[in-house]
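Each chain, written out:
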Amino acid sequence: MKASSARITQSEVLPLKSDLGALANRINKRTQTAHNSINKLMVLKFSLALRDAKIYRQGIQMYYHVFKSIEKSLQREMARDTQYAEILKAIYRPAILRTERLHQDLMFFYGDEKKFATPILEKQIEFCEHIEKVTQEKPYLLLAYMHVLYLALFAGGKIFSSKLAQTLGMFPHVEGKTAEEVMLGATTFFKFDVEDDESLRIEYKRDYELATRNSLTEHEKQEIIEESQYVFVTNSECVKEIETHNLKRLQGKLAYQVATKGYYVMWVLAVLCMMYYVRSFI
Ligand code: HEM
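- As annotated in an unreviewed UniProt entry, the chain carries the name Heme oxygenase and comes from Kuraishia capsulata CBS 1993.

In structure tokens form, the structure reads like this:
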């Protein structure tokens, strides 16, 4: 098993932050601005999501579809007999997989798989289709997703996870379970089935560096860096799309209320006007 709780010596920590040639560092540098802006966006939206379970579940539903597409593509490529399969297999470990966990979390909120089985928002559909198509043509682009989306869970993900743990009221009531048990069962997206997350993160980063250092061309690395930028930008767009969708639904509901209940409102107003008119004669 690759992930363990064994202590990792400083010499085993790869790549060094100062290693400008390491693919992971190059991705981080290129996406620094995008990371800062998604960071601000997510802090804002996450605080809203913590007050409204509907928004939270829409968020994890989006990640469910994205991780499902990545992991489906990853399994497809690792099963092939190619040089890229070797690279992917050297980095991959089952502990990183997110699809099943997100599925479990979503079942707590929706209770029925049919309610979240397929993405319905345009940008999400486009993102998932893009992942599956582009990685079929260029399997090495999976390395962009393996860096950006999985490592995000160890930093930003940890922050979200601790905030969620303080918001027990947001989780659905489940017969026979305490609020804390429900919270633990519904937030498995942020947890790894290993003794020590930090060892997993360090080993994952080290294997990523060793597997990508000499086995990709400069052109392939450039493409991975550009794809990483795309991942950040599209992730932000998907988050904003959820907000726009909710706003449209709210506006739709308001318009509906006015259309259906407007008749009664008019009546009340008419009666009030009449009363006012009559009083002015008394
Ligand atoms: C509130 C939202 C977020 C916060 C507060 C946050 C915070 C952080 C922090 C503190 C680091 C560590 C920086 C370092 O070690 O030098 C980090 C790294 C990183 N984050 Fe985020 N992040 C957030 C959202 C995201 C999202 C949405 C993504 C992906 C789309 C992402 C992708 C990454 C990546 C790829 C790294 C580099 C990991 C590495 O090289 O070890 N982050 N983030």
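Moving on from the model shown.
## Things to note about the site of the ligand
Step number 1: The full set close to the ligand counts 20 residues, and K17, N28, H35, K205 and N235 are the nearest of them.
Step number 2: In this structure, an oxygen atom belonging to the ligand sits 2.8 Å away from a side-chain N or O atom of N28.
Step number 3: K205 places a side-chain nitrogen or oxygen 2.6 Å from an oxygen atom of the ligand.
Step number 4: Within the residue set of the shell around the ligand, elements represented by two or more residues are α2 (32–49), α7 (142–152), α8 (156–165), α10 (197–213) and α11 (218–279).

## Notes on the pattern of salt bridges
Step number 1: Using the criterion set out here, one finds 16 salt bridges in the structure.
Step number 2: For E77, the salt bridge goes to R76, with nearest N and O atoms at 2.9 Å.
Step number 3: According to the relative accessible area criterion, R76 is partly exposed, its value standing at 24%.
Step number 4: Residues E86 and K89 are paired through a salt bridge, measuring 3.7 Å at the closest nitrogen-oxygen approach. Here the residue E86 and the residue K89 both occupy positions in helix α4 (residues 83–91), the gap between them amounting to three residues, near one helical turn.
Step number 5: For E86, a relative accessible area of 47% puts it in the partly exposed group.
Step number 6: Overlapping salt bridges bring together R76, E77 and R80 as one network.

## Examining the domain arrangement of the chain
Step number 1: Domain parsing of the chain yields domain 1 (20–50 + 52–246) and domain 2 (253–281).
Step number 2: Between domain 1 and domain 2, the C-alpha centre-to-centre distance is 51 Å.

Cut-offs used in this document
- Residues numbered from 1 in each chain as written.
- Predicted model: local features only at pLDDT ≥ 70, side-chain atom pairs only at ≥ 80, totals over all residues.
- Heavy atoms only, no water.
- Near = heavy atom within 4 Å.
- Polar contact = N/O pair within 3.5 Å; in protein donor to acceptor, adjacent residues only side chain to side chain.
- Helix = DSSP H or I, 4+ residues; strand = E, 2+ residues; numbered from the N terminus.
- Salt bridge = Lys/Arg side-chain N within 4 Å of Asp/Glu carboxyl O.
- Buried < 20%, exposed > 50% of the residue type's maximum accessible area, 1.4 Å probe, protein only.
- Domains from an automatic or database assignment.

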